[in-house]
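# Coordinate inspection notes
Here is how the chains run, residue by residue.
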Amino acid sequence: MAALHTATEPESAPAVDDVPAGTGSEAGSDLGADGGSSVTVPAAEDETPDDEPVRAAGGPDGPGGPDVERLAEALADLDAVLTGFASLIEGGELPALRAELSWARSTVEEARALDGTIELLEDLVEDLDPSLRQGPVEARIGIVVTARAAERRDAVTAMLARPEWTSLVAHADQLVLTAPISGRKPKNAPRVLARALADADAAAREAAAAAVPDTEGADRAGATRLDPVAAAAHTVAATARVARGVLGKQARRLGDAAAALATTTEECRRSGSVTHWLVDLADLAHRAGEPSFSYGVLHAEATARREAADEALAGAVTAYTRPKLRKWLADAS
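This report concerns the structure included in the present document.

### With respect to the overall build of the chain
Each helix and strand counted, the chain has eleven helices and zero strands in total. What you see in the chain, going N to C, is helices and strands ordered as α-α-α-α-α-α-α-α-α-α-α. A total of 333 residues make up the chain; the buried ones form 46% of that total. Here the analysis covers contacts within the chain between residues at least 6 apart in sequence; of these, 85% occur between residues at least 24 apart. Looking at the chain as shown, the accessible area adds up to about 15,700 Å², and 53% of this sits on carbon and sulfur atoms.

### Quick notes on a negative patch on the surface
On the surface, Asp-123, Glu-126, Asp-127 and Glu-301 cluster together to form a negatively charged patch. The leading source of residues in the negative patch is helix H3 (residues 94-127), at three residues. Residue classification places Asp-123 among the partly exposed residues on the basis of a relative accessible area of 33%.

### Side note on the nonpolar core
Within the largest apolar cluster, 37 residues are counted, with the highest numbers of intra-cluster contacts made by Leu-197, Val-236, Leu-247, Leu-254, Leu-261, Tyr-320 and Leu-329. Mapped onto this core, the elements with two or more residues apiece are helix H7 (189-211), helix H8 (221-247), helix H9 (249-287), helix H10 (293-320) and helix H11 (327-332). With eleven residues, H7 is the largest single contributor of residues to this core. In this structure Leu-197 touches Val-236, Thr-239, Ala-240, Leu-247, Ala-251, Leu-254, Trp-328 and Leu-329, once residues within four positions along its chain are discounted. Listed in part, the 24 residues of the second largest apolar core include Ile-89, Val-156, Leu-168 and Leu-175.

### Structural notes on the packing of aromatic side chains
Enumeration over the complete set of coordinates arrives at zero aromatic pairs. The ring of Tyr-320 has Arg-326 lying over it, and the distance from NZ or CZ to the ring centre is 4.9 Å.

### Observations regarding the pattern of salt bridges
If you walk through the whole model with that rule in mind, you get 22 salt bridges. In this structure, Arg-162 engages Glu-164 in a salt bridge whose closest nitrogen and oxygen atoms are separated by 2.9 Å. Three or more residues are tied together by salt bridges with common partners; here these are Glu-69, Glu-73, Asp-79, Arg-98, Arg-105, Glu-109 and Arg-112.

### Describing the environment of Ala-172
Looking at the secondary structure, you find Ala-172 in helix H6 (residues 163-178). Using a relative accessible area of 1% as the deciding quantity, one classes Ala-172 as buried. Taking the C-alpha atoms as reference points, Ala-172 and Leu-4, separated by 168 residues in sequence, lie 9.8 Å from one another.

### With respect to the environment of Leu-261
Note on placement: Leu-261 falls in helix H9. Overall, Leu-261 belongs to the buried group, its relative accessible area being 0%. Remark: the alpha-carbon pair of Leu-261 and Ala-204, spanning 57 residues in sequence, is separated by 9.6 Å. Setting aside chain neighbours within four positions, we find Leu-261 in contact with Val-229, Ala-233, Leu-313, Ala-316, Val-317 and Tyr-320.

### Remarks on the side chain of Arg-269
As for its position among the elements, Arg-269 is in helix H9. Reaching out from Arg-269, the side chain makes a polar contact with the side chain of Glu-266 at a distance of 2.8 Å.

Rules used in this analysis
- Residues numbered from 1 in each chain as written.
- Predicted model: local features only at pLDDT ≥ 70, side-chain atom pairs only at ≥ 80, totals over all residues.
- Heavy atoms only, no water.
- Helix = DSSP H or I, 4+ residues; strand = E, 2+ residues; numbered from the N terminus.
- Buried < 20%, exposed > 50% of the residue type's maximum accessible area, 1.4 Å probe, protein only.
- Contact = heavy atoms within 4.5 Å.
- Areas by Shrake-Rupley, 256 points an atom, 1.4 Å probe, with all protein chains shown as cover.
- Patch = residues over 30% accessible without salt bridge, like charges linked within 9 Å, V, L, I, M, F, W, Y side chains within 5 Å.
- Salt bridge = Lys/Arg side-chain N within 4 Å of Asp/Glu carboxyl O.
- Lys, Arg positive; Asp, Glu negative; His and termini not counted.
- Charge placed at Lys NZ, Arg CZ, Asp CG, Glu CD.
- Core = buried A, V, L, I, M, F, W, Y, C linked by side-chain atoms within 4.5 Å.
- Phe/Tyr/Trp six-rings, centres within 6.5 Å; stacked < 30°, edge-to-face > 60°.
- Lys NZ or Arg CZ within 6 Å of the ring centre and 35° of its normal.
- Polar contact = N/O pair within 3.5 Å; in protein donor to acceptor, adjacent residues only side chain to side chain.

Function-wise, these values are silent; they only describe arrangement.
What follows is the structure, encoded as structure tokens:
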């Protein structure tokens, strides 16, 4: 809860700056925040960008809006703890808090996914030969990035001003302050914590088994199938982090493997999103009479990143699902 309050302090969440001239939402209004979507808006005659690229304002350390990364992490941790320890929490406030968390995370995670896509895209552009990225290529990417970043940060800022957000924070604070937790006897702690970790682990293994066979060469729907893997793995990592003081290094190892699984899943989603963005950007450039060769070069690099991420994800799943990593849980729970 301290992290949640810190991420939304006034100085961390000023109003989003206006989008610079020429960056109307039509430049990228149909690009998905995570997976992208086909661009159907024709390029206007006056859409040809200036020589200087427009950079997205408002990164985690910048002046453009809420600290999306910290806010997303705090919400994910709170959701993971509630999921991992739901069976131990008493009282009638939990369903309302879970519903409010789901509502808030849908907005914040979309903005976070967009930030990750932008970061990877800009890394790829920076590594591109200057002769291929200067002029309209870099400028067009800047225009679309700025428009989309401003739109998503506006959505997060608006979310923080809604009464549902105030209710979420109040419910979460009440949960922490009143601590309606069952099984308080110290002698029950190892068994209770091990059972919670075992339940979270089973859900993560089920999600990974369902999604990973579909990742290689996946289409846009692949990002959706990876969402449950990332969420379930984060739940295991958070549950293990809470429980390792009682359960010891075995819980820490399971949590580390889950964290690695979540990280590689995020890389798959980001690299897949960038490939779709580049197709959309090339289409816009082509219809505006701009060169599109550079987008093909970037697409090849992004595709290579996605293939490497798929391999890393398969390795992370193999490492996470090793029986010996959790064999001790059966006895502990």
